[in-house]
Amino acid sequence: MNYINCGNFKTSYEKDAAIYQTTFSKICIYSFLIGLFVLPFFLNSYLLYIMNMIFISVIAAVGLNILTGFTGLISLGHGAFIGVGAFAAGYLISKFSFGFFIIIPLAAIITSMVGVIFGTPSLRLKDLYLSIATLAAQFILEFIFIRAERITGGVNGMPVDAPVFFGYTIDNDFRFYFFSLIYTIIMVTAAKNIIRTKIGRAFVSIRDNYIAAETMGVDLFRYKLLSFAISSFYAGVAGALWAYYVRFITPEHFTINVSIQYLSMIIIGGLGSILGSIFGTIFMVVLPELLRHIIGIFSHYLPVLEQIFPAIREAFYGLVIILFLLFEPEGLARRWNLIKAYWKLWPFSY
Amino acid sequence: MEFFLQILIAGIVIGSIYSLVALGFTLIYKSTGIVNFAQGELLLVGAYICLHIIVSYNVPFVFAFIITLLFMFFFGFLIEKIFLRKMIGEPIISIIMLTIGLSSLLKSIVQIIWGTDTRTYPEIFPHEPVTIGFLNISVVYIFSIIAIAIFLIIFTIFFKTTKTGVAMRAVASDQQASLSMGIDVRKIFALSWAIAAVVSTVGGILIGNINGINTNLSQFGLKVFPVVILGGLDSILGAIVGGVIIGVLENMVGGYIDPLIGGGAKDVFPFVAMIIILLIKPYGLFGTVKVEKV
């Protein structure tokens with residue numbers, strides 16, 4: 001459902017795949033980005049924390065969407081891959097005195113190698129079988145996080161030093177905001193561009209019909225592994241940022257629930273849509289915080305609510321996933337397009 | 001040797017509970033093509049409801065057991081009707097996510113109602129173990145194995161002889177053909193969920209009598225995957241055999257390897273085994289090999 005203005009002709013494929021469809025959309029996107037850079041001056045530290053969580057999660061969600069939404073390979077192990085990124089970053093920071101601009105790519109490359117290893121079964125398996133294999137990857141990696149005490153610190157976790165940028169220590173929410181925002185912009189732009197190129201078209205063709213794709217000359221072996229590599233690279237960047245942000249990582253941060261949370265983000269946002277992953281992430285990060293406030297109001301009357309809050313939150317996650325799948329299976333991205341189309345025609349909606 | 005046999009027996013008991021849960025899983029997969037990630041939560045709900053009936057209303061165990069099974073039958077029926085009926089024909093990722101959402105919903109509802117503490121069933125079976133030869137086996141184990149055997153026999157008879165059972169097998173092998181033969185496929189779908197809920201509940205109540213119950217019990221739902229992958233996703237015999245094999249192997253690893261490396265291997269072993277099986281024999285021991293055509 002893509003509504004295009006009258007008179008907006010396309011004469012080549014390049015134009016059709018352009019990120020900025022019109023000058024107006026270019027202006028909108030740039031002013032939005034400038035707005036994002038100005039915004040933190042008006043936010044308190046709690047809102048900055050939420051924004052930072054959104055930025056980090058967006059990177060991971062976009063990565064998962066490349067794998068699941070665009071290539072059609074379901075991964076139930078994304079949480080563990082983020083963990084690999086975080087622990088790799090933590091280990092590298094504790095051993096070497098590199099700056100973050102070396103640590104983060106290195107951690108991401110390590111993660112993408114792990115991702116490729118666990119993605120290898122995808123050559124023989126698809127759909128359900130693959131999701132089960134990645135589920136196994138999740139448990140095996142979790143086991144390694146806990147048992148490889150020399151590298152990960154085991155259940156006790158591992159402290160991480162704050163990143164330093166030319167003498168500036170990025171150790172509070174305000175400074176970290178710009179740090180994570182820049183990484184998010186880079187990663188999202190990269191994803192948008194990967195999807196527009198040959199690689200992205202190969203991914204989509206594998207998703208839509210892999211036998212036809214193979215007949216057309218798409219090397220399934222290469223592109224499936226590439227998809228796993230790119231997706232885990234994103235997870236690695238998100239994990240390294242997470243390590244820098246919370247500065248104390250334990251295996252509990254990367255359980256199966258995290259994997260499920262990321263899957264629900266891209267389902268709620270819309271599979272196969274970069275914009276959708278951003279919407280879904282915002283939704284899933286803001287929802288529990290809103291819920292916490294609502295529960296906080298009611299817990300004056302019912303103190304029990306405070307204790308069972310984690311359970312209520314999980315119940316909401318489940319409920320939201322179910323409701324979206326039943327009533328809005330294409331996610332928020334589609335809703336966004338509908339709203340845009342409505343306002344383009346407003347007030348003459350015919 | 002005695003240690004080995006003790007582990008073996010415990011493994012067989014746990015394994016046969018896996019078999020029951022896997023049976024439910026396979027049943028749903030076979031007839032509806034839905035992968036149920038909420039199987040463990042069905043077990044959890046059943047176990048808690050049985051406990052609740054026994055403790056709160058002072059109902060004897062046998063009656064509570066029957067009431068629970070009846071309740072779970074309708075519970076499975078309703079889940080299919082409310083949530084999964086609409087999902088027919090949707091892509092597999094949507095269905096997987098729906099059952100994952102369902103599992104997190106059910107689990108948290110159980111947590112909200114009954115809390116997260118471990119609760120034990122009142123003493124139903126005598127505490128003193130029975131001595132067979134030189135082995136001490138607790139009575140719960142013997143009853144569990146008997147109960148599971150009875151259930152498996154009942155289901156085998158059900159599928160082989162009754163009209164509904166044959167209809168379910170027909171739907172499993174070819175939906176379109178069974179539709180044209182006048183089988184009510186929707187009824188079969190609902191029925192398979194109902195039966196799956198019932199068998200999982202039996203597993204849940206047995207494990208509750210052995211170890212007590214808490215919300216971690218839903219882990220059984222994930223352990224089911226190694227079992228069904230080993231046995232073959234769409235094979236009922238495979239589910240039963242796979243369950244026992246995984247249960248025994250898991251306990252062996254727990255008994256012999258865990259002391260060496262300091263724990264944890266028991267829980268991760270089934271998944272390592274599963275990846276290996278997936279790589280060399282993705283359709284398992286008894287599963288149907290699918291040939292894909294354009």
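In case you missed it, the structure is sitting above this.
Keep in mind that this is a model prediction, so the values were computed, not measured.

The rules behind the values
Residues numbered from 1 in each chain as written. Chains lettered and ligands numbered in written order. Predicted model: local features only at pLDDT ≥ 70, side-chain atom pairs only at ≥ 80, totals over all residues. Helix = DSSP H or I, 4+ residues; strand = E, 2+ residues; numbered from the N terminus. Rg over C-alpha atoms; globule rule 2.2 N^0.38 Å. Buried ≥ 20, exposed ≤ 12 C-beta atoms within 10 Å, placed from the backbone. Contact = placed C-beta atoms within 7 Å. Nonpolar A, V, L, I, M, F, W, Y, C, P; charged D, E, K, R; others polar. Expected span 1.5 Å × (residues − 1).

> Quick one: what's the story with the overall build of chain A, residue by residue and with numbers?
In terms of regular secondary structure, chain A is built from 16 helices and 4 strands. A compact globule built from 350 residues would reach a C-alpha radius of gyration of about 20 Å, and chain A, at 21 Å, matches this within 12%. In terms of its C-alpha atoms, chain A occupies a principal-axis envelope of roughly 60 × 55 × 45 Å. Evaluated residue by residue, chain A yields a buried proportion of 43% over its 350 residues.

> A description of the overall build of chain B should follow, citing residues and the corresponding values.
The helix and strand tally for chain B stands at 12 helices and 2 strands. Each helix and strand of chain B, ordered N terminal to C terminal, gives the series α-α-α-α-β-β-α-α-α-α-α-α-α-α. Relative to its length of 294 residues, chain B is compact, with a C-alpha radius of gyration of 19 Å against a globular reference of 19 Å. The buried share of chain B, taken over its 294 residues, is 49%. Summarising the internal contacts of chain B: among those between residues at least 6 apart in sequence, 76% fall at separations of at least 24.

> Give a description of the interface of chain B and chain A that names residues and reports values.
With 32 residues of chain B in contact, the opposing surface of chain A contributes 36 residues. The dominant element in the side of chain B that touches chain A, judged by the number of residues it contributes, is helix α4 (residues 92-114) of chain B, at 16 residues. Split by residue class, the side of chain B that touches chain A holds 23 nonpolar, 6 polar and 3 charged.

> Let's hear about α4(B): which residues, and what values?
All names here are of chain B. Here α4 is 23 residues long and its end C-alpha atoms lie 33 Å apart, about the 33 Å a rise of 1.5 Å per residue gives. Counting buried positions along α4 gives 17 out of 23 residues, so the element sits mostly inside the fold. Trailing α4 by a residue or two, G115 shows a phi angle of about 80°, which is positive.

> Help me get a handle on the environment of H52(B), residues and values and all.
Within the secondary structure, H52(B) sits in helix α2 (residues 39-57). Along the backbone, H52(B) and A64(B) are 12 residues apart, and their C-alpha atoms lie at a distance of 9.0 Å.

> Account for helix α3 (residues 61-84) of chain B, naming residues and giving values.
Residue and element names in this part refer to chain B. The end-to-end C-alpha distance of α3 is 32 Å, a good match for the 34 Å that 24 residues give at a rise of 1.5 Å each. Listed in full, the buried residues belonging to α3 are A64, F65, T68, M72, F75, G76, I79, E80 and L84. The elements touched by buried residues of α3 are α2 and α8 (185-211).

From the geometry alone we can't say anything about function, so treat these as descriptive.
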